[in-house]
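# A look at the structure
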Amino acid sequence: EEEFKWLLQEEVHAVLKQLQDILKEASHRFALPASGSGGAIKQENFVLSTSGTDQVKGVLTLQGDALCQADVNLKMPRNNQLLHFAFREDKQWKLQQIQDARNHVNQAIYLLMNRSVNYQFRTGSEVLKLMDAVMLQLSRARNRLTTPATLTLPEIASSGLAKMFTPALPPDILVNFYINLNKLCLTVYQLHVLQPSTTKNFKPAGGSILHNPGAMFEFGNQRYEVSHVHKVECVVPWLNDALVFFTVSLQLCQQLKDKISVFSSYWNYRPY
C-alpha cells in the first residue's frame, strides 16, 4: 500500500514531467524558429532524389508545415523533352499531415499540464485514463506522419496543387506531395488519353497512396490511363526526431500503465 501511494504521489508526477519535456522538444521541431529572428520559422531546402532514375529532379523549400517553393525538372520518356515547373511566387502548399501531427502533440501536452502543481492522483484508474488519453493523441500524431492519405486520381487532378505551378502543368501530368515517415515525397504521374474507340476495359482506380502504371480514371469528360509513375523523396531530419520522441513517449506511458496495472491487480485479488 505504501509503495502504491508513493507511485501515485511521486513517480507518476516524475513521469508526467518527463513526458512534458520530451513532447515540448517534439513540438519545437515542428515550429523550427530561426535563431535571433524573433521566432520566424526558418526555410530549409531539400534536394529530391531517387535511386535508379533521373527522370525527375527538384528542390523543395519547407517552412514549418508549408512548402513555400518547389522547383521540379521532368524528363519525358517518350521524347526526352525536359519540362520545368516551379511554384508561383504567391503560392504555398500546406502539408496537412505536419499541421495535424503538431496539433495532436500540443493536445497531448495540454492533457499532461492540465492540473495544478499540487494535484494528487487518488486512484490507479485515474492515471490509466490519463495515459490512455495521451497515448491516443501520440498515436494519432505518429499515424499522420506514417500513413499518407489515400487519394483517387480525380482527387489528385482536382486538388489545388495543380494550379500552383508556373508554367501551368500540362493536362497529361499529375503531381502529389505527401509525408511518409521522415520523408517528403513527390509523385509525378504521366497520363495518356484513352480514346473512345479503345477496346480496353475501363476500370476506374480507387483510392491509393501511390497509383501504378495502368491505373485508369475519368476527369473532365475525358478518360485517362497512367503511363509512367515517378516517385522522388528527401529525408527531413526533424521529422525523424519527432517520430523518435513519439516512440519514447509512448513507451514511457505504457511502462507507467504496466506498473499501475500490477498494483491494481494485486488490490483486486488480494485475500481478505
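Residues numbered from 1 in each chain as written. Predicted model: local features only at pLDDT ≥ 70, side-chain atom pairs only at ≥ 80, totals over all residues. Heavy atoms only, no water.

Moving on to the packing of aromatic side chains. Each aromatic ring pair is characterised by the separation of its centres together with the angle its planes make. Applying the stated criterion across every chain yields a total of seven aromatic pairs. Their ring planes at 75 degrees and their centres at 5.7 Å tell us that phenylalanine 30 and tryptophan 238 sit as a pair that is edge-to-face. Taken together, the residues phenylalanine 30 in helix H1 (residues 2-31) and tryptophan 238 in helix H5 (residues 237-269) connect sequence positions 208 residues apart. Taking the relative accessible area as the measure of exposure, phenylalanine 30 reaches 0% and is therefore buried. Where phenylalanine 85 meets phenylalanine 165, the ring centres are 6.3 Å apart and the plane angle is 75 degrees; that geometry is what we call edge-to-face. In this pair, phenylalanine 85 sits in strand S4 (residues 82-87) while phenylalanine 165 sits in strand S6 (residues 165-166), placing the two residues 80 residues apart along the sequence. The residues phenylalanine 85 and phenylalanine 165 share a single accessibility class, namely buried. Here the aromatic cluster, defined as three or more aromatic residues joined through ring pairs, consists of Phe85, Phe87, Phe165 and Phe177. Of note, arginine 115 hangs over the ring of tyrosine 119, and the distance from its end group to the ring centre comes to 5.9 Å. (Phe/Tyr/Trp six-rings, centres within 6.5 Å; stacked < 30°, edge-to-face > 60°. Helix = DSSP H or I, 4+ residues; strand = E, 2+ residues; numbered from the N terminus. Buried < 20%, exposed > 50% of the residue type's maximum accessible area, 1.4 Å probe, protein only. Lys NZ or Arg CZ within 6 Å of the ring centre and 35° of its normal.)

This paragraph deals with the sheet that holds strand S8 (residues 183-193). Read across the sheet, four strands follow the order S7-S8-S10-S9 without closing on themselves; strand pairing throughout is antiparallel. Each having just a single partner strand, strand S7 (173-180) and strand S9 (216-219) make up the two edges of the open sheet. Averaged over neighbouring strand pairs, the angle between their axes works out to 40 degrees when direction is ignored. As paired elements, S9 and strand S10 (residues 222-235) share four bridges and run antiparallel to each other. (Pairing = 2+ DSSP bridges. Axes fitted to C-alpha atoms, helices over the stretch in contact; angles between N-to-C directions.)

Taken residue by residue, the protein chain gives an average pLDDT of 88. The fraction at 70 or more is 93%. Here residues 33-37 scores under 50 on pLDDT; set against residues more than four positions off or in separate chains, the count is six contacts. (pLDDT = per-residue confidence, 0-100. Contact = heavy atoms within 4.5 Å.)

The end-to-end C-alpha distance of helix H3 (residues 124-146), which contains 23 residues, comes to 32 Å, matching closely the 33 Å that a straight helix rising 1.5 Å per residue would cover. Those residues of H3 that fall on the buried side of the exposure criterion are Gly124, Val127, Leu128, Leu130, Met131, Val134, Met135, Gln137, Leu138, Ala141 and Leu145. (Expected span 1.5 Å × (residues − 1).)

Here the focus is unusual backbone geometry. It is generally the case that most residues other than glycine have a negative phi and that most peptide bonds are trans. Of note, the bond from threonine 166 into proline 167 is cis; its omega dihedral lies within 30 degrees of zero at -5 degrees. Within the secondary structure layout, proline 167 lies in the loop between S6 and S7. A positive phi angle, close to 60 degrees, is found at asparagine 221, a residue other than glycine. Checked against the element boundaries, asparagine 221 lands in the loop between S9 and S10.

What follows covers helix H2 (residues 96-113). Counted at 1.5 Å a residue, the expected span for H2 with its 18 residues is 26 Å, and the 26 Å between its end C-alpha atoms agrees. Considered for burial, the residues of H2 that qualify are Gln97, Ile98, Asp100, Ala101, Arg102, His104, Val105, Ala108, Ile109 and Leu112.

So, about the pairing of S7. On any regular strand, side chains alternate: one points to one face of the sheet, the next to the other face. The element S7 is extensively covered by neighbouring structure, given that seven of its eight residues are classed as buried. Across eight bridges, the pairing between S7 and S8 is antiparallel. Within S8, the position partnered with isoleucine 179 by the bridge is leucine 184. The hairpin turn running from S7 into S8, its antiparallel successor, is two residues long, and leucine 181 in that turn takes a positive phi close to 60 degrees.

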